[in-house]
Amino acid sequence: MAENNQNQVQDLNQIVKAKREKLAALQAAGKDPFVITKYDQTHHSLDAMASYEELEKKLLSGKEECEYEEKRAVMDASPIEVSVAGRIMLKRVMGKASFIHLQDKQGNIQIYVARDSVGEEPYAEFKKYDVGDIIGVKGYMFRTQKGEISVHASETVLLSKNLQPLPEKFHGLTNTDLRYRQRYTDLIMNADVKDTFIKRSKIIAAIRSFLGERDFMEVETPMLVANAGGAAARPFYTYFNALGEERKLRISLELYLKRLIVGGLERVFEIGRVFRNEGVDTRHNPEFTLMELYQAYTDYHGMMDLTEEMFRHVAKVVLGSTKFTYGDIELDFGKPFGRITMTEAVKKYTGIDFDDPSQVPDDAAAIALAKERELQVEDYFTKGNILNLFFEEYCEDKLVQPTFVMDHPIEISPLTKKKPDKEGYVERFELFINGWEMCNAYSELNDPIDQRERFRAQDANAAAGDEEAEHTDEDFLNALEIGMPPTGGIGYGIDRLCMLLTNSSAIRDVLLFPTLKEEGMAKSAANAARDAGAAGSAEGDTAETSGTDYFGTASLPLDFAKVAIEPLFEDQVDFETFSRSDFRAVKVKECAAVPKSKKLLQFTLDDGSGTDRTILSGIHAFYEPEELIGKTLIAITNLPPRAMMGIDSCGMLISAVHTEEGEEKLHLLMVDPHIPAGAKLY
């Protein structure tokens, strides 16, 4: 296996060398493609083929039974001259004539290049072109005897030289991590990926058009803010050198847009990037696109009507229908969206009525209920927080068809108007589709005195350890004191809507450049640490070991005198049980952060049995979920299931405990990816 890998590297090096030699020869001959600054395109692939088909219908009407040569003569007498440009994706050289497939933004078109048409010397140059090169072609349209509409070239020109080979054409680019890191190659090799991002652009355009027709004004608000408010999330921090002040990246668009409502703009919206310093999984990325709108003189019922109309409109524009399939589920935006309160939903799916004093009389009773079900409860939680916890745990995944969940507890809604007829609740809804929260909307709080009290409560939560609590924003309070009319507002993540409408399973599939761990920076840090370790060893310090792991990443130096095997649930598993443990290689199919847990990651594993295995591991402090997908780990697979956060963890992943400068760190045991799933360790 190692010999095969070495041969592949050598072959790749030879290919790259040959490409660079071709470029050097061109430059020496005064034909450097990189000095060309423009090329005049008259057509793209699909447009050119459509024009030819239209002319065929006109000129060949009544000649359907004629032979190919007769039809060809008719069409060649009225040629469609074109100038196309794109990337060579396939090349077949056949002596005096050749065929290539040229790819542009619309698709692929076949090009026929004959020596007699382009000239002997140009044809000899053409034959040296590589798959991956970008060329321009002038010629006329025709249909081959096999029926393929093509361009008969009269001239070709090399516009850009490809110096790295494209992935092998039959298997394409399938490595998920590489696809995200090299999206440019992904777009070249996978037509469905390009289609996804074309649809994404149409989705955003449809939203803008919908709101523009309803007199909403698009605006832009600051990304660097002193107070990151408007959502429950941890911000990213930065430093403003010119002002000598710390700044945060915004986590929402809300507070500035409301200031514009105060200013009298009445209907405003923004589509922009927001940044939340949180984990990465199939539905979360630290930077994502948010749409928020605010409309004066309406409430959350008005926002429900607007949202339903908007989602229906976008589906029709982008997909041509309000019915579509996500995975194996048919979703229908054409029917009226469901409406249910949060307490009704919890009662429906758990039997517990949080509005019934005989069932949940106070905070203590609510907390006791949560602990009975092994839900994670924070110190500052009250009855309202527990209601929301029950909803997230037992209801969200049941809401498949579009459903508005209304009337949330006040504890989790610091910017929302109270319900005048129901103490402890606010006029807020979230829209759920396919078990996902799609948007969040309020009757906006415009009472500055009430808002100040809500901010104080949030400040107290922050002091008690809530890293996602909001903080008092004095300028926003000043704006409310100037006076804000009754207002409805809504915000939703564009990315999740794109996932639904493009049938994409992960948020990274609808982000052109998703957030990934930087390979170059990680390697530089590892090399620096290794160099420091080598210097320390030369001076007589404790010897350290470093190297390269199976995934080609430089590993940090470890002092093995400080390494111990992680205890296996010491209070539950004795040595006799441990000695009977069945150690197996497992492949990580999916990995996600466990909701409401700061430590746990949930792994979906291939253990070779044909049935997915779920294991929870408390290593989120040391790994992000996305970097573990595709790795090969070692697990104990015959331990009894253990309930963690309401999820059965069926086994244990093996880690090493490494103490570094007094801090204990965990390192998952990763092995050669060629080891098959289910392989037993001895």
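A quick note: this is a predicted structure, and the numbers were derived from the prediction, not measured.

1. Points about the overall build of the protein chain
Item 1. Along the protein chain, the regular secondary structure elements total 18 helices and 30 strands.
Item 2. Going through the 682 residues of the protein chain one by one, you find that 46% of them count as buried.
Item 3. Here the contacts in the protein chain between residues at least 6 apart in sequence split such that 64% fall between residues at least 24 apart.
Item 4. Summed over all atoms, the accessible surface of the protein chain reaches about 34400 Å², with 50% contributed by carbon and sulfur.

2. Brief notes about the sheet that holds strand β1 (residues 81-94)
Item 1. Strand order in the closed barrel formed by five strands is β1-β2-β3-β5-β4, and the pairing between neighbours is mixed. Strand-to-strand, the axes of this sheet are offset by a mean angle of 55°, without reference to chain direction.
Item 2. As defined by bridge partners, β1 adjoins strand β4 (residues 134-143) across seven bridges and the pair is classed as antiparallel. Paired with S83 across the bridge in β4 is K138.
Item 3. Packing of helix α3 (residues 68-76) onto the sheet brings it into contact with β4 and β5 (149-160), and relative to β4 it is tilted by some 115°.

3. Observations concerning the packing of aromatic side chains
Item 1. Counted under the stated rule, the structure contains 16 aromatic pairs.
Item 2. Summarising the aromatic geometry, the rings of F126 and Y129 are spaced 5.3 Å apart at their centres and angled 70° between planes, so their arrangement reads as edge-to-face.
Item 3. Assessed through its relative accessible area of 0%, F126 is described here as buried.
Item 4. Ring centres of Y380 and F381 lie 5.2 Å apart, and the angle between their planes is 80°; on these two criteria the pair is classed as edge-to-face.
Item 5. Classification of Y380 by relative accessible area gives partly exposed; the value is 22%.
Item 6. Among the aromatic residues, those joined into a cluster by ring pairs are F311, F324, F333, F337, F404, F429 and Y492.
Item 7. Geometry around F210 places R214 over its ring, the cationic atom sitting 3.6 Å from the centre.
Item 8. K422 extends its terminal NZ or CZ atom over the ring of Y425, reaching a point 4.3 Å from the ring centre.

4. Comments concerning unusual backbone geometry
Item 1. You will see that Y297, though not glycine, has its phi angle at about 70°, which is positive.
Item 2. Relative to the helices and strands, Y297 resides in the loop between β11 (287-296) and α10 (300-319).
Item 3. A positive phi angle, close to 60°, is found at E374, a residue other than glycine.
Item 4. Tracing the backbone through its elements, the reader meets E374 in the loop between α12 (363-372) and α13 (383-394).
Item 5. Here E374 falls in the partly exposed class, since its relative accessible area comes to 44%.

5. Topic: the sheet that holds strand β15 (residues 403-409)
Item 1. Spatial strand order, β6-β10-β11-β18-β17-β16-β15-β14: eight strands in an open sheet with mixed pairing. If you trace the sheet from one side to the other, it starts and ends with β6 (217-218) and β14 (338-341), each paired once.
Item 2. Bridging between strand β16 (residues 425-433) and strand β17 (residues 436-443) involves six bridges; their strand directions are antiparallel. When the bridges of β17 are listed, L431 appears paired with C439.
Item 3. The strands touched by helix α8 (residues 191-213) are β6, β10 (267-275), β11 and β18 (487-493); relative to β10, the strand with the most contacts, the crossing angle is about 155°.

6. Quick look at the side chain of D407
Item 1. Relative to the helices and strands, D407 is located in strand β15.
Item 2. Within the structure, the side chain of D407 is placed 2.7 Å from the side chain of Y300, a separation counted as a polar contact.

7. A word on the pattern of salt bridges
Any two side chains of opposite charge can pair, on the condition that their charged atoms come close.
Item 1. Across all of its chains, the model carries 41 salt bridges by this definition.
Item 2. Among the salt bridges present, the one from R339 reaches E308, with a minimum N-O distance of 3.9 Å. Of this pair, R339 sits in strand β14 while E308 is found in helix α10, placing the two residues 31 residues apart along the sequence.
Item 3. According to the relative accessible area criterion, E308 is buried, its value standing at 10%.
Item 4. The partner of R428 in a salt bridge is E430, and the shortest N-O contact between them spans 3.1 Å.

8. Side note on the nonpolar core
Item 1. By size, the foremost hydrophobic cluster in this structure holds 45 residues, and its most contacted members are I207, M291, L293 and F429.
Item 2. Of all the elements, α10 adds the most residues to this core, at nine residues.
Item 3. The residues touching L293, leaving out its near neighbours within four places in the chain, are L211, F216, V268, F269, M303, L306, M310, G488, G489 and I490.
Item 4. Counting residues in hydrophobic clusters, the runner-up holds 26 residues, among them V82, I100, I111 and I149.

9. Quick notes on the environment of L257
Item 1. Here L257 shows up in helix α9 (residues 254-262).
Item 2. Not counting the four nearest positions on each side in its chain, L257 is found in contact with V219, T221, V268, E270, E292 and Y294.

10. A look at the pairing of strand β23 (residues 601-606)
Item 1. In the sheet, strand β22 (residues 583-593) pairs with β23 via six bridges, with the strands oriented antiparallel. For C591, the partnering residue across the bridge sits in β23 and is F603.
Item 2. In the sheet, β23 pairs with strand β24 (residues 613-617) via five bridges, with the strands oriented antiparallel. Residue pairing in the sheet places T604 in a bridge with T614 of β24.
Item 3. Connecting the antiparallel pair β23 and β24 is a turn made up of six residues, with G608 showing a positive phi of about 85°.

11. Section: helix α2 (residues 45-59)
Item 1. With 15 residues, α2 should cover 21 Å at 1.5 Å per step; its first-to-last C-alpha distance of 21 Å lies within 8% of that length.
Item 2. When we look at burial in α2, the residues that qualify are S45, A48, M49, Y52, L55 and E56. Viewed along the axis of α2, the buried residues span an arc of 125°, placing them on a single side of the element. Exposed residues pointing more than 90 degrees away from the buried face of α2 are listed as E54, K57 and K58.
Item 3. Among the structural elements, α3, β1, β3 (108-114), β4 and β5 are those in contact with the buried residues of α2.

12. Some points on α8
Item 1. The end-to-end C-alpha distance of α8 is 33 Å, a good match for the 33 Å that 23 residues give at a rise of 1.5 Å each.
Item 2. Listed in full, the buried residues belonging to α8 are V193, T196, F197, R200, I203, I204, A206, I207, F210 and L211.
Item 3. Just beyond α8, the residue with positive phi is D215, at close to 70°.

13. What to know about the packing of α8 against helix α16 (residues 494-502)
Item 1. Two numbers describe how α8 lies on α16: the axes approach to 10 Å, and their chain directions differ by 125°. Accordingly, the angle class assigned to the pair α8 and α16 is oblique. Considering only the axes of α8 and α16, their crossing is right-handed. For the pair formed by α8 and α16, the contact residues are T196, K199, R200, I203, I204 and I207 on the first element and I494, D495, L497, C498, L501 and T502 on the second.
Item 2. Grouping the constituent residues of the contact of α8 with α16 by class yields seven nonpolar, two polar and three charged.

14. Focus: the layout of surface pockets
Item 1. Counted as a void, the second largest pocket has a volume near 380 Å³.
Item 2. Lining the second largest pocket are 17 residues, with L26, K31, E125, Y129 and L158 sitting closest to its centre.
Item 3. Taken together, the elements giving at least two residues each to the lining of the second largest pocket come down to α1 (2-28), α5 (120-126) and β5.

Calculation notes
Residues numbered from 1 in each chain as written. Predicted model: local features only at pLDDT ≥ 70, side-chain atom pairs only at ≥ 80, totals over all residues. Heavy atoms only, no water. Helix = DSSP H or I, 4+ residues; strand = E, 2+ residues; numbered from the N terminus. Buried < 20%, exposed > 50% of the residue type's maximum accessible area, 1.4 Å probe, protein only. Contact = heavy atoms within 4.5 Å. Areas by Shrake-Rupley, 256 points an atom, 1.4 Å probe, with all protein chains shown as cover. Pairing = 2+ DSSP bridges. Axes fitted to C-alpha atoms, helices over the stretch in contact; angles between N-to-C directions. Phe/Tyr/Trp six-rings, centres within 6.5 Å; stacked < 30°, edge-to-face > 60°. Lys NZ or Arg CZ within 6 Å of the ring centre and 35° of its normal. Polar contact = N/O pair within 3.5 Å; in protein donor to acceptor, adjacent residues only side chain to side chain. Salt bridge = Lys/Arg side-chain N within 4 Å of Asp/Glu carboxyl O. Core = buried A, V, L, I, M, F, W, Y, C linked by side-chain atoms within 4.5 Å. Expected span 1.5 Å × (residues − 1). Arc of directions from axis to C-beta. Parallel < 35°, antiparallel > 145°, perpendicular 65-115°, else oblique. Left-handed = near helix turned anticlockwise from the far one by under 90°. Nonpolar A, V, L, I, M, F, W, Y, C, P; charged D, E, K, R; others polar. 1 Å grid on protein atoms, 1.4 Å probe; cavity = no way out; pocket = protein on both sides within 12 Å on 5 of 7 lines; lining within 4 Å. Points joined across faces, edges and corners; volume = space filled by probe spheres on them.

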